[in-house]
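Coordinates in review
The residues making up each chain are set out below.
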Amino acid sequence: MNIKIFKNEAEFNLSAVDFISGFCKKGANIALSGGKTPELIYKSLRGRDIAGVAFFQTDERYVPISHADSNAGMINSTLGKEVVFRHFDTFLPIEESLETYEERLPSEFDLIVLGIGTDGHIASLFPGDPALLEANHKTAHTTTDDFPVHDRLTLTLIPILKSKKILVLLKGRDKKAVLEKLKDNKDKSIMDFPAHVLTKHPDVTVYALL
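Overview of the structure. (Residues numbered from 1 in each chain as written. Predicted model: local features only at pLDDT ≥ 70, side-chain atom pairs only at ≥ 80, totals over all residues. Heavy atoms only, no water.)

**Let's talk about the pairing of strand E2 (residues 29-32)**
The two faces of E2 match: Asn-29 and Ala-31 on one face and Ile-30 and Leu-32 on the other face are all buried. As paired elements, E2 and strand E3 (residues 54-57) share four bridges and run parallel to each other. Bridge pairing in E3 links Asn-29 to Ala-54. On the question of chirality, the crossover connecting E2 to the parallel E3 by way of helix H2 (residues 39-45) is right-handed. Looking at chain direction, E2 and strand E6 (residues 111-114) are connected through two bridges and run parallel. In the strand pairing of E6, Ile-30 is matched with Leu-111. (Buried < 20%, exposed > 50% of the residue type's maximum accessible area, 1.4 Å probe, protein only. Helix = DSSP H or I, 4+ residues; strand = E, 2+ residues; numbered from the N terminus. Pairing = 2+ DSSP bridges. Right-handed = clockwise from strand over helix to strand, strands pointing away.)

**Some thoughts on a negative patch on the surface**
On the surface, Glu-95, Glu-96, Glu-99 and Glu-103 cluster together into a negatively charged patch. In this structure, Glu-95 sits in helix H4 (residues 94-104). (Patch = residues over 30% accessible without salt bridge, like charges linked within 9 Å, V, L, I, M, F, W, Y side chains within 5 Å. Areas by Shrake-Rupley, 256 points an atom, 1.4 Å probe, with all protein chains shown as cover. Salt bridge = Lys/Arg side-chain N within 4 Å of Asp/Glu carboxyl O. Lys, Arg positive; Asp, Glu negative; His and termini not counted. Charge placed at Lys NZ, Arg CZ, Asp CG, Glu CD.)

**A closer look at the pattern of salt bridges**
Tallying each qualifying case throughout the model produces six salt bridges. Residues Arg-48 and Asp-18 are paired through a salt bridge, measuring 2.7 Å at the closest nitrogen-oxygen approach. With a gap of 30 residues between them, Arg-48 in the loop between H2 and E3 and Asp-18 in helix H1 (residues 9-21) connect regions that are remote in the sequence. A relative accessible area of 30% places Arg-48 in the partly exposed class. The class of Asp-18 is partly exposed, set by a relative accessible area of 39%. Within this structure, Glu-108, Asp-110 and Lys-164 form a network of salt bridges that share partners.

**Structural notes on the nonpolar core**
Counting residues in hydrophobic clusters, the biggest one holds 36 residues, and the most contacted among them are Ile-116, Ile-160 and Leu-198. Listing elements by their share of this core, those giving two or more residues are E3, H4, E6, strand E8 (151-155), helix H5 (157-162), strand E9 (166-171), helix H6 (175-183) and strand E10 (204-209). Ignoring any residue separated from it by four or fewer positions in sequence, one finds Ile-116 in contact with His-121, Ile-122, Val-168, Leu-169, Leu-170, Lys-175, Val-178, Leu-182, Ala-195 and Leu-198. Counting 28 residues, the second-largest nonpolar core is a separate cluster that includes Ile-30, Ile-50, Leu-111 and Tyr-207. (Core = buried A, V, L, I, M, F, W, Y, C linked by side-chain atoms within 4.5 Å. Contact = heavy atoms within 4.5 Å.)

**A short note on the sheet that holds E2**
Note: strands within a sheet are paired through backbone hydrogen bonds, in either parallel or antiparallel orientation. Read from one edge of the open sheet, seven strands run E1-E10-E9-E6-E2-E3-E5, paired in parallel fashion. Two strands lie at the open edges of the sheet, namely strand E1 (2-6) and strand E5 (84-86), each paired on one side alone. Mean inter-strand twist for the sheet, computed between neighbouring axes without regard to direction, equals 20°. Where E9 and E10 come together, six bridges link them in parallel fashion. Residue pairing for E10: Leu-167 is matched across the bridge by Thr-205. Taken strand by strand, H1 contacts E1, E2, E6, E9 and E10, and its axis lies near 160° from that of E10. Strand contacts of helix H3 (residues 71-79): E2, E3 and E5, with the helix running at about 150° to E3, the strand carrying the most contacts. (Axes fitted to C-alpha atoms, helices over the stretch in contact; angles between N-to-C directions.)

Rendered as structure tokens:
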């Protein structure tokens, strides 16, 4: 795992944009996380050559795309509607949305961009959720009581660990403890701290602004 610590937000954002744009080649498949941390990064990515890239989302809150909490809505508005962006259709019932999205996923991603929550969750794979042990499906329905939107749709660990490259973005003082837990993974269960599974992947880069 390659970890790089940044001192200011401008450098953090620019380095992340450069990193992601390095994978933006014709035919590439890139999965993007939602949340506040990557929003400015995606806006800057819009100014790069991203034609021919298929973008996907790592997870979604089960709300309409027009909702303020929609990850798809945020990604759509920052990258622009002219790009290829495939996402969970939250107008469908949950099971149908999962099945439809899974059918559209590539055999593997060239890059997945992830964040890590203070509880260690990645995508919408939360501590203790049975979806962390999913062995057959690439998507899953999860739930959380720790955030306003209870129902979530997410990639499982199958496509995450199969991705060629993973970029983790950590920003904020509360993420310092997250990074320490990520590095200190001895005898740690992914059920307690899901992000520990990233140590099983051979090519993970962490950008941290703490």
